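Report on the structure
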Amino acid sequence: MNISVIGSGTWGMALARLLFDNGHSIKVWSAIESEIKELREKRTHKNLPGVVFDEAIRFETDLEVAMEGSKICVLSVPSIFTRSTAKRMAPFYEEGQIIVNVAKGIEENTLEILTEQILDEIKNANVAVLSGPSHAEEVVRLLPTTCVAGANDLKTAELIQSVFMSPVFRVYTSTDMLGIELGGSLKNVIALAAGISDGLGYGDNAKAALITRGIVEISRLGTAMGARIETFYGLSGIGDLIVTCASKHSRNRKAGMLMGQGMTMEEAMKEVAMVVEGVYSAKAAKALADKYNICMPIVDEVNAVLFENKDPKQAVDALMLRDRISESITGM
């Protein structure tokens, strides 16, 4: 099958290798000409050391050429560029193409998930999502990984499942795209909190609490918005949350850890040197919580640290000293 990967970051390149190894014909596009030049000449990616990409993978700077004739277009740009990239793709979209979003985020001004943004720009497109606990650094080295493919109709999800499935990459299916995308986006905000906890020198107990109460907050909001509760207990919910809060590869955890150690948000993002999605999703998460009248204290405190210069230790204290309640999904 002909497949285009739109975006040559680490995740896009990891999926390009996976899909090529699965026997598909792959074209990779980037708006950054220097990235494409390096990939063409060296067949390596600066953030994926030790990995060489096959000569048969094509690298393009012309978006029309990159998309032409592909059954699937994997959209793998940072979430803040999803809308603008979809707008650039619109003139070249061919009827019947499936656009698989693999980024994670919520647009701050519209509060739209990424597939909604894509549909705004490419009317009547067949849009789907692939998400789960899947760091590019492991997928590109063919380490065992599981994800979930989501689409409004099961046949599309099953097609994506068959395309991505391999001995090292297991894919499940779902028709709950809203739940998949909310889980993938909101977990980045909770991972910032987990990183802050690490930066303050707190231990495993604190991180376990943040993960557990974090999925409660995500589930509350998601079900209020119409997503299915079981989605948040699956790969794109608790699975993605665990890996993002705990992994050395997590840029959200790393940014939070640097803030816990005393850096400002801007300094931490500069040090990470890659897009920290949770920073861009935090305001949207709080706005959605307010819109649906959902209690999300971890999200509130992350926003206070990010945008109100609240001391991270005071933010943790605020969480610990909240009013006593019973443990439940619906409880405040």
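Please read these numbers as outputs of a predicted model, since none were measured by experiment.

Notes on the overall build of the protein chain
Within the protein chain, the secondary structure is distributed over 16 helices and eight strands. In terms of overall dimensions, the protein chain is globule-like: its C-alpha atoms have a radius of gyration of 19 Å, near the 20 Å expected for 332 residues. On the principal axes, the C-alpha backbone points of the protein chain span a range of 60 × 40 × 35 Å. Across the 332 residues of the protein chain, 55% fall into the buried class. Taking all contacts inside the protein chain whose residues are at least 6 apart in sequence as the whole, residues at least 24 apart take part in 70%. For the protein chain, the separation between the mean place of its 34 positive charges and that of its 42 negative charges on side chains is 2 Å.

With respect to a nonpolar patch on the surface
Together, Ile80, Phe81 and Tyr280 make up a nonpolar patch on the protein surface, roughly 250 Å² of accessible area in all. Residue class for isoleucine 80 comes out partly exposed when judged on its relative accessible area of 37%.

Examining helix 4 (residues 82–89)
Residues of helix 4 that are buried include every one of Thr82, Arg83, Thr85, Ala86 and Met89, and no others. Buried residues in helix 4, looked at end-on, bunch into an arc of 165°, giving them a common side. Elements in contact with the buried residues of helix 4: strand 1 (2–6), strand 2 (25–29), helix 3 (63–67), strand 4 (72–75), strand 5 (98–101) and helix 5 (114–121).

Some words on the UniProt feature "domain: Glycerol-3-phosphate dehydrogenase NAD-dependent N-terminal" (unreviewed entry) in the protein chain
The sites that carry the UniProt feature "domain: Glycerol-3-phosphate dehydrogenase NAD-dependent N-terminal" (unreviewed entry) are, in the present numbering, residues 3–156. End C-alpha atoms of residues 3–156 are separated by 15 Å, and the span's content is 32% helix alongside 21% strand.

Some details on the pattern of salt bridges
Pairs can form between side chains of opposite charge whenever their charged atoms are close. Under the defined criterion, the tally for this structure stands at 17 salt bridges. Here glutamate 107 ties to arginine 83 by a salt bridge, and the two come within 2.7 Å at their closest N and O atoms. Remark: arginine 83 occurs in helix 4 and glutamate 107 occurs in the loop between strand 5 and helix 5; sequence separation between them is 24 residues. The pair glutamate 107 / arginine 83 is uniform in exposure class, with both members buried. When the shortest N-O distance is used, the salt bridge between aspartate 290 and lysine 286 registers 3.5 Å. Of this pair, aspartate 290 and lysine 286 are both found in helix 14 (residues 277–291), four residues apart, which corresponds to roughly one turn of the helix.

Comments concerning the pairing of strand 6 (residues 126–131)
For strand 6, the buried fraction is high: five of the six residues fall into the buried class. The pairing of strand 5 with strand 6 spans four bridges and is classified as parallel. Within strand 6, the position partnered with isoleucine 98 by the bridge is asparagine 126. Crossover connection from strand 5 via helix 5 to parallel strand 6: handedness right-handed.

Some points on the layout of surface pockets
The calculated volume of the largest pocket comes to roughly 1,000 Å³. For the lining of the largest pocket, the elements supplying multiple residues, two or more each, are helix 1 (10–21), helix 4, helix 6 (136–139), helix 8 (177–199), helix 11 (235–246) and helix 12 (251–260). Split into classes, the residues belonging to the lining of the largest pocket amount to 14 nonpolar, 19 polar and nine charged. Residue assignment places the lining of the largest pocket across two domains, with domain 1 (2–175) and domain 2 (178–321) each supplying three or more.

Quick notes on the state of the cysteines
The tally for this structure, following the rule as stated, stands at zero disulfides. Note on cysteine 73: no disulfide assigned, nearest cysteine sulfur contributed by cysteine 147 at a separation of 19 Å. No disulfide involves cysteine 245; its sulfur sits 17 Å from the nearest other cysteine sulfur, which is in cysteine 147. Here cysteine 245 falls in the buried class, since its relative accessible area comes to 0%.

Points about the UniProt feature "binding site: NAD(+)" (unreviewed entry) in the protein chain
In this numbering, the UniProt entry assigns the feature "binding site: NAD(+)" (unreviewed entry) to Gly7, Ser8, Gly9, Thr10, Trp11, Gly12, Phe81, Ala136 and Arg251. In the annotated set above, the residues contributing to the lining of the largest cavity are Ser8. Inspection of the secondary structure assignment puts glycine 12 in helix 1. Note on glycine 12: relative accessible area 0%, which makes it buried. Structurally, the position occupied by arginine 251 is in helix 12. Judged by its relative accessible area of 23%, arginine 251 falls in the partly exposed class. For arginine 251, the residues in contact, after removing those within four places along its chain, are Thr10, Val272, Met274, Val275 and Val276.

What to know about the domain arrangement of the protein chain
Structurally, the protein chain comprises domain 1 (2–175) and domain 2 (178–321). Relative to domain 2, the C-alpha centre of domain 1 lies at a distance of 25 Å. With 30 residues of domain 1 at the interface, the matching set in domain 2 holds 28 residues. Between domain 1 and domain 2 the total buried area reaches about 2,400 Å² when both faces are included, carbon and sulfur atoms providing 65% of it. Taken as a group, Ile106, Leu111 and His135 account for 26% of the area that domain 1 buries against domain 2, more than any other trio of residues on that side. For the pair domain 1 and domain 2, the number of links is two salt bridges.

Cut-offs applied
Residues numbered from 1 in each chain as written. Predicted model: local features only at pLDDT ≥ 70, side-chain atom pairs only at ≥ 80, totals over all residues. Heavy atoms only, no water. Helix = DSSP H or I, 4+ residues; strand = E, 2+ residues; numbered from the N terminus. Rg over C-alpha atoms; globule rule 2.2 N^0.38 Å. Buried < 20%, exposed > 50% of the residue type's maximum accessible area, 1.4 Å probe, protein only. Contact = heavy atoms within 4.5 Å. Lys, Arg positive; Asp, Glu negative; His and termini not counted. Charge placed at Lys NZ, Arg CZ, Asp CG, Glu CD. Patch = residues over 30% accessible without salt bridge, like charges linked within 9 Å, V, L, I, M, F, W, Y side chains within 5 Å. Areas by Shrake-Rupley, 256 points an atom, 1.4 Å probe, with all protein chains shown as cover. Salt bridge = Lys/Arg side-chain N within 4 Å of Asp/Glu carboxyl O. Arc of directions from axis to C-beta. UniProt positions renumbered as here; feature names shortened; annotations may be inferred. Pairing = 2+ DSSP bridges. Right-handed = clockwise from strand over helix to strand, strands pointing away. 1 Å grid on protein atoms, 1.4 Å probe; cavity = no way out; pocket = protein on both sides within 12 Å on 5 of 7 lines; lining within 4 Å. Points joined across faces, edges and corners; volume = space filled by probe spheres on them. Nonpolar A, V, L, I, M, F, W, Y, C, P; charged D, E, K, R; others polar. Domains from an automatic or database assignment. Disulfide = S-S within 2.5 Å. Buried area = accessible area lost by both parts, 1.4 Å probe.

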